[in-house]
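Per-entry structural report
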Amino acid sequence: MTADVVIVVVTFLVMEPLTALAHRAMMHGFAWRWHRSHHQPVARTFEGNDLFPVVFAALTIAALAVGVSVPPLHVLVPIGIGVTLYGFAYLIVHDVVIHRRLKFVPVPPGFLRYWREAHNVHHIFGREPYGFLAPIVPERLREDAGEH
């Protein structure tokens, strides 16, 4: 395995805790104005929260461009690829599987339901789990969610 492949894989794996941290600190903090739309009933096809992937994609594209253009900063290319792969996984899991933004996609079977249930706990309480691909639901919240 080449160093670039290792960097892509490590970046993909590191994105989950970084994303959970950003979700908690940023989206439920100073950027709540955009993210609030995601916690409200769906009113339209696009919501303020959809601006986050646009901003993150623009930053990733910029990093990729720098990595391609400036040889000493080539490491930004595999990092950008890892971030892009995570973003694609997020799109599929969060928008398609959890929120069913593509209505023609059937409700997920079996283990995929865990993602939906974990995210529903987040929406009920507005707290953890903040992660997307590996959400950890505290036992107390899982029990409290069962009462809702």
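Refer to the preceding data block for the structure.
Model, not experiment: these values are computed from the prediction.

1. What about the environment of Pro-135?
Within the secondary structure, Pro-135 is located in the loop between helix H5 (113-125) and helix H6 (139-146). Distance in space between the C-alpha atoms of Pro-135 and His-119 is 7.8 Å, their sequence separation being 16 residues. Once you skip the residues sitting within four places of it in the chain, Pro-135 turns out to touch Glu-16, Tyr-114, Trp-115, Ala-118 and Pro-129.

2. Things to note about helix H3 (residues 51-69)
Across its 19 residues, H3 extends 27 Å between first and last C-alpha, which sits within 8% of the 27 Å expected from 1.5 Å per residue. Listed in full, the buried residues belonging to H3 are Phe-52, Thr-60 and Gly-67. Relative to the axis of H3, the buried residues are bounded by an arc of 55° and lie together on one face. Every exposed residue of H3 that faces more than 90 degrees away from the buried side is listed here: Val-54, Ile-61, Val-68 and Ser-69. Of the surrounding secondary structure, the elements contacted by the buried residues of H3 are helix H1 (3-30), helix H2 (32-35) and helix H4 (76-98).

3. Details of the nonpolar core
Judged by nonpolar contacts, Met-15, Tyr-86, Ala-89, Tyr-90, Val-93, Val-97, Ile-98, Leu-112, Trp-115, Phe-132 and Leu-133 together constitute the single largest core of eleven residues. A per-element tally of this core places H4 first, with six residues.

4. Notes on a nonpolar patch on the surface
Where nonpolar side chains cluster on the molecular surface, the patch consists of Met-1, Val-5, Val-6, Val-9, Val-10, Leu-13, Val-14 and Leu-18 and spans about 730 Å² of accessible area. In this structure, Val-9 sits in helix H1. Given a relative accessible area of 40%, Val-9 falls into the partly exposed group.

5. A few points about the packing of H3 against H4
It is the contact of H3 with H4, at a shortest axis distance of 8 Å, that shows an interaxial angle of 155°. Our classification of the angle between H3 and H4 gives roughly antiparallel. In this structure, the crossing between H3 and H4 has a hand that is left-handed. Across the interface between the two elements, Thr-60, Ala-63, Leu-64, Val-66, Gly-67 and Val-68 of H3 pack against Leu-76, Val-77, Gly-80, Ile-81, Val-83 and Thr-84 of H4.

6. Focus on the packing of aromatic side chains
Each aromatic ring pair is summarised here by two numbers: the centre-to-centre distance and the angle between the ring planes. Overall, the coordinates contain three aromatic pairs when judged by the stated rule. Relative to Phe-52, the ring of Trp-34 has its centre 5.2 Å away and its plane inclined at 70°; by these criteria the two rings are edge-to-face. Placement of the pair is Trp-34 in helix H2 and Phe-52 in helix H3, with a sequence separation of 18 residues. Given a relative accessible area of 35%, Trp-34 falls into the partly exposed group. Exposure remark for Phe-52: the relative accessible area of 4% places this residue in the buried category.

About the thresholds
- Residues numbered from 1 in each chain as written.
- Predicted model: local features only at pLDDT ≥ 70, side-chain atom pairs only at ≥ 80, totals over all residues.
- Heavy atoms only, no water.
- Helix = DSSP H or I, 4+ residues; strand = E, 2+ residues; numbered from the N terminus.
- Contact = heavy atoms within 4.5 Å.
- Expected span 1.5 Å × (residues − 1).
- Buried < 20%, exposed > 50% of the residue type's maximum accessible area, 1.4 Å probe, protein only.
- Arc of directions from axis to C-beta.
- Core = buried A, V, L, I, M, F, W, Y, C linked by side-chain atoms within 4.5 Å.
- Patch = residues over 30% accessible without salt bridge, like charges linked within 9 Å, V, L, I, M, F, W, Y side chains within 5 Å.
- Areas by Shrake-Rupley, 256 points an atom, 1.4 Å probe, with all protein chains shown as cover.
- Salt bridge = Lys/Arg side-chain N within 4 Å of Asp/Glu carboxyl O.
- Axes fitted to C-alpha atoms, helices over the stretch in contact; angles between N-to-C directions.
- Parallel < 35°, antiparallel > 145°, perpendicular 65-115°, else oblique.
- Left-handed = near helix turned anticlockwise from the far one by under 90°.
- Phe/Tyr/Trp six-rings, centres within 6.5 Å; stacked < 30°, edge-to-face > 60°.

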